[in-house]
Amino acid sequence: MTVSANIGRTLSDDRRQMSDEAFITLLVASVAVGLFLFASLLVPNFFQLLNMLNLVTNNWAVISLGIGVSFLLVSGNFDLSVGGIVALSGVLSVWFAQATGGANALSTGWGMPYWLAISCALGGAMAIGALNALFVVRFRIPSIIVTLGTMMLARGIAQVVTHGSQRNTNLPDEFGVLGNLTLFDTSVKLPVIFMAVLLLIAVFIERKTVFGRLTYWIGANPIAASLSGIDKERHVTYLYLFSSAIAGIVGILLASEFKSGYSNRGTLMEFDALVIALLGGVAIAGGFGSVVGMFFGAVILAIVTSAATGMVLSPDWQYILKAIAVFLAIVTQTWALARRNR
Amino acid sequence: MTDQNPNPVLSVQELTKDYPGVRAVDNVSFTIQSGHVHCLVGENGAGKSTLVKMLTGALRPTSGSMSVNGSAYQPDNPQDARDGGIATLFQELHVVDELTVLENLTLGMERSRFGFLIKTDLDDRVVQTLAAIEPSIDPAARVSTLSVAQKQIIEIARAASSGANVIIMDEPTAALSEREVERLFAVIRRLRESNVTVVYISHKLDEIFQLGDAVTVLRDGKHIATKNLCDVEGRPELIEMMIGRSVFQDYTARTKISDQKVLQAEGLTNRVLRDVSFHINKGEIVGFYGLVGAGKTEIARALFGADKAEGTIQFKGRQVTGSPKQAIAAGIALVPEERRTQGLFTSLSIRENIPVMNLRRLSNNGVFRADVEQDAAVDYVNRLNIATESIDKHTEKLSGGNQQKVVLAKCLFADADLLLLDEPTRGVDVGAKTEIYDIIRNLADAGNSVAVFSSELEEVLGICDRIFLLYDGRLEAEVVNGTDVDASNILNVVTGGHVGDVQ
């Protein structure tokens, strides 16, 4: 992308203007813009600033999860456990914060102060991340299997704690604050700010830090990375912990927004996070992709689903539309990259 | 220059392939005579691979034409090429380890009825073909139990029994030991007797003189000459055609070796190695020479901490243990045996490959120093003469010699005091080889130590000051290089004979 002026004499001619990642990101962004304009033609009142904002803000949870998932994909690993962790941390935060001595089992908790309750819930979420890392890194079990297992484990624990229902009574007043806090007298809520800040940090880490570069090296060739002195075990462990921490915070914020702990919350979010990463050009084999691309992947998915519900189609069509969008996007990217590198 | 071929099986006319900004193959015309072993030589980047890809249908020519047995030939994909009677033996083997030899030979040719396999005379036919080519391979053996050379022979037999009359072999001996090479050559000669044409690509010029009937030389995408090998006056002429200058490897005693020990290994033992002890001095180039499987790679990996081994390794007076990370921190760097799978990040650019082994120089409190990366890339591309139009070029698109230079650049950027080079010039053309040898000598003259692990005698005799001879995991002998060194004795030791047996 940025080629400074001190490039060698023999190397200056015919140099690439743009990396493949920048190219794909630009492609995804153009598709997102194109789709938005196209939908604006078809759907009345679609072309509005508020609508544009809503496309992003309504998806703050999945986009946040997509950050951790994207980093792991780039390193060559899956994380399917994030949806389960969202449920688990939300349920735990409610359970820990509920007062003791409620009318029945579902309204009786641990009576912790709110800050302690969310810290412990976050700890529970990161324990799942640590479990992922343990099995993937130490026992060398394929990450898709490990995280499929921990996905069910996390949701299973949430189910047991909520007795298959939800916990929403006997909560302190401050429980509902974080998820519904609006900032600067606007309708922008704290979770959206959380997502935005997280995105900025992630882009910085990805583009500007050694940590980000290590992720690409490990994903591009794990054997060469090890033989180049990279401690890939430690790095992948960090990535799983970060991903689970993000999922934990998302779960806590969602529980706060709805003032309830619900074991089915975040169902299929792990797949949505995976889908937006792939839509955004992250390579499923690792070593390639960007967080910005993932963000625009989320925008594409949001436009497709919201435009459909704004049109004559019933919301039942959204999965089929998603499927078409995914196939088209991935075929286009493969084709465009192959053409470019021919 | 082109000879009049009375019986051409394959001919190309004015073949050209353009890539954006590069003409990889430039107006090449030559013919290959039926029943010949036709060698294709040229430095890396000369256009050999591109030419082969067009012959096998993997790439389409920009212009020009090809013909097989006099009729036009325009393969759209590798299957078309096979149907046209042209089979290819790639460097990567395409055999299924879990199946038997026979099952591999008939793979894709099975007949079935209602989904069940039925027995045909196919089995007998391929068994006969295999027996004619290499009788020592048992058709019922599981392929995973065979050596690399035997697997190659299976692929050749499969090509021959599928009716191919031209077999293209892309560096078939790159991974073979000298004894296995002889066996492969016997197979190729038998193919020639049965009038199969072999297009043979190799960097090892001795093989070409041993085996070839005719040779085509490419340089910078252009056709230089097609000649019968009996008309070629030895290596010097061939090398001159390939690179336009003469290169000879001769060891001259180096004066800058100190007697200060930089590394001392005692009693290295693991599943391959048996009680290996040696030392390396500062400024010295040592060679480890032996057949494939003798333990060269294992010693390199043990010194680098990539494999576990009992025994002690002292580096600069300190015990080194454990991991590549610690080895690099102590000042040891490794150029691994397989550059594509172990050394390079092939999907990343030259710029992104070079700095990986020295994160301390790259990091400014964790922030990536893009300027350091940029400067290092430009610096090493110029210093090591890496042929590329841009430092942002993906390394998978570089030729073998240039890829190897990128791996070397990685290690040089690590500022190591001891470089372990495992097969540093495997699959590298003559020109790049010479350059790599010069780099190694310059490094040693600057006070670094270099260990070269090689299965090419010419290589260790050309550059190493001391040579350790390995056989079956043991360090059998140590030879000080010089004009009086006895090559036949060395070959005797590494093939299992004892020191001094040969008169």
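Above this text is the structure in question.
Residues numbered from 1 in each chain as written. Chains lettered and ligands numbered in written order. Predicted model: local features only at pLDDT ≥ 70, side-chain atom pairs only at ≥ 80, totals over all residues.

Draft legend 1. Representation of the overall build of chain B in the model. A tally of helices and strands in chain B yields 18 helices and 24 strands. Burial status across chain B gives 47% buried among its 503 residues. (Helix = DSSP H or I, 4+ residues; strand = E, 2+ residues; numbered from the N terminus. Buried ≥ 20, exposed ≤ 12 C-beta atoms within 10 Å, placed from the backbone.)

Draft legend 2. Looking closely at the sheet that holds strand S22 (residues 449–454) of chain B. Residue and element names in this part refer to chain B. Spatially, six strands are ordered S18-S21-S22-S15-S23-S24 in an open sheet, and the strand pairing comes out mixed. Each of the sheet's edge strands pairs with one partner strand only, and the pair in question is strand S18 (332–335) and strand S24 (474–480). Going from strand to strand, the sheet's axes swing by 20° on average, the running direction of each strand aside. The pairing of strand S15 (residues 285–289) with strand S23 (residues 466–471) spans four bridges and is classified as parallel. Residue pairing across strands places Phe288 opposite Phe468, the latter belonging to S23. Contacting S15, S18, strand S21 (418–422), S22 and S23, helix H9 (residues 296–304) runs over the sheet at an angle of about 150° to S21. (Pairing = 2+ DSSP bridges. Axes fitted to C-alpha atoms, helices over the stretch in contact; angles between N-to-C directions. Contact = placed C-beta atoms within 7 Å.)

Draft legend 3. Fine view of the interface of chain A and chain B. Tallying the contact residues gives 26 residues for chain A and 32 residues for chain B. Looking at the side of chain A that touches chain B, the elements with two or more residues in it are helix H9 (210–220) and helix H10 (222–227) of chain A. Element by element, the count of residues in the side of chain A that touches chain B is highest for H9 of chain A, at six residues. Its residues placed into classes, the side of chain A that touches chain B shows eleven nonpolar, eight polar and seven charged. (Nonpolar A, V, L, I, M, F, W, Y, C, P; charged D, E, K, R; others polar.)

Draft legend 4. How the structure looks around the packing of helix H15 (residues 400–413) of chain B against helix H16 (residues 430–445) of chain B. Residues and elements named next belong to chain B. The geometry of H15 relative to H16 is characterised by a closest axis approach of 10 Å and an angle of 15° between their N-to-C directions. Considered as vectors, H15 and H16 are oriented roughly parallel to each other. H16 is crossed by H15, and the crossing has left-handed handedness. Where H15 abuts H16, its residues Gly401, Gln404, Lys405 and Leu408 lie against Ala432, Ile436 and Ile439. Partitioning the contact of H15 with H16 into residue classes produces four nonpolar, two polar and one charged. (Parallel < 35°, antiparallel > 145°, perpendicular 65-115°, else oblique. Left-handed = near helix turned anticlockwise from the far one by under 90°.)

Draft legend 5. Region of interest: the environment of Gly70 of chain B. Its place among the elements puts Gly70 of chain B in the loop between strand S4 (63–68) and strand S5 (71–73). Residues Gly70 of chain B and Arg441 of chain B lie 371 residues apart in sequence; the distance between their C-alpha atoms is 51 Å.

Draft legend 6. A look at the pairing of strand S13 (residues 261–269) of chain B. All names here are of chain B. Bridge analysis of S13 against strand S14 (residues 276–281) gives five bridges, and the strand direction is antiparallel. Across the sheet, Leu263 pairs through a bridge with Ile280, a residue of S14. What sits between S13 and S14 in their antiparallel hairpin is a turn of six residues, with Asp275 showing a positive phi close to 50°. Here S13 runs beside strand S16 (residues 310–315); their pairing, made up of five bridges, is antiparallel. Bridge pairing in S16 links Leu263 to Phe315.

Draft legend 7. Layout of the nonpolar core. Residues Leu65 and Ile300 of chain A together with Ile332, Ala333, Cys411, Leu420 and Leu469 of chain B are the most contacted members of the largest nonpolar core, which totals 183 residues. At 14 residues, helix H13 (residues 291–310) of chain A tops the list of elements feeding residues into this core. Those residues within four positions of Ile300 of chain A in sequence are excluded, and the remaining contacts are Val31, Ala32, Leu35, Leu279, Ala325 and Ala329 of chain A. Within the second largest apolar cluster, 60 residues are counted, among which are Phe30, Val143, Ala159 and Ala214 of chain B. (Core = buried A, V, L, I, M, F, W, Y, C linked by C-beta atoms within 7 Å.)

Draft legend 8. Representation of helix H5 (residues 114–138) of chain A within the structure. All names here are of chain A. With 25 residues, H5 ought to run about 36 Å at 1.5 Å a step, and its terminal C-alpha atoms sit 35 Å apart, in line with that. If you check which residues of H5 are buried, you get Ala117, Ile118, Ala121, Leu122, Gly124, Ala125, Met126, Ile128, Gly129, Asn132, Ala133 and Val136. Its buried side turned inward, H5 meets helix H4 (82–97), helix H6 (143–161) and helix H11 (232–258). Arg140, located one to two residues past H5, shows a positive phi value of around 55°. (Expected span 1.5 Å × (residues − 1).)

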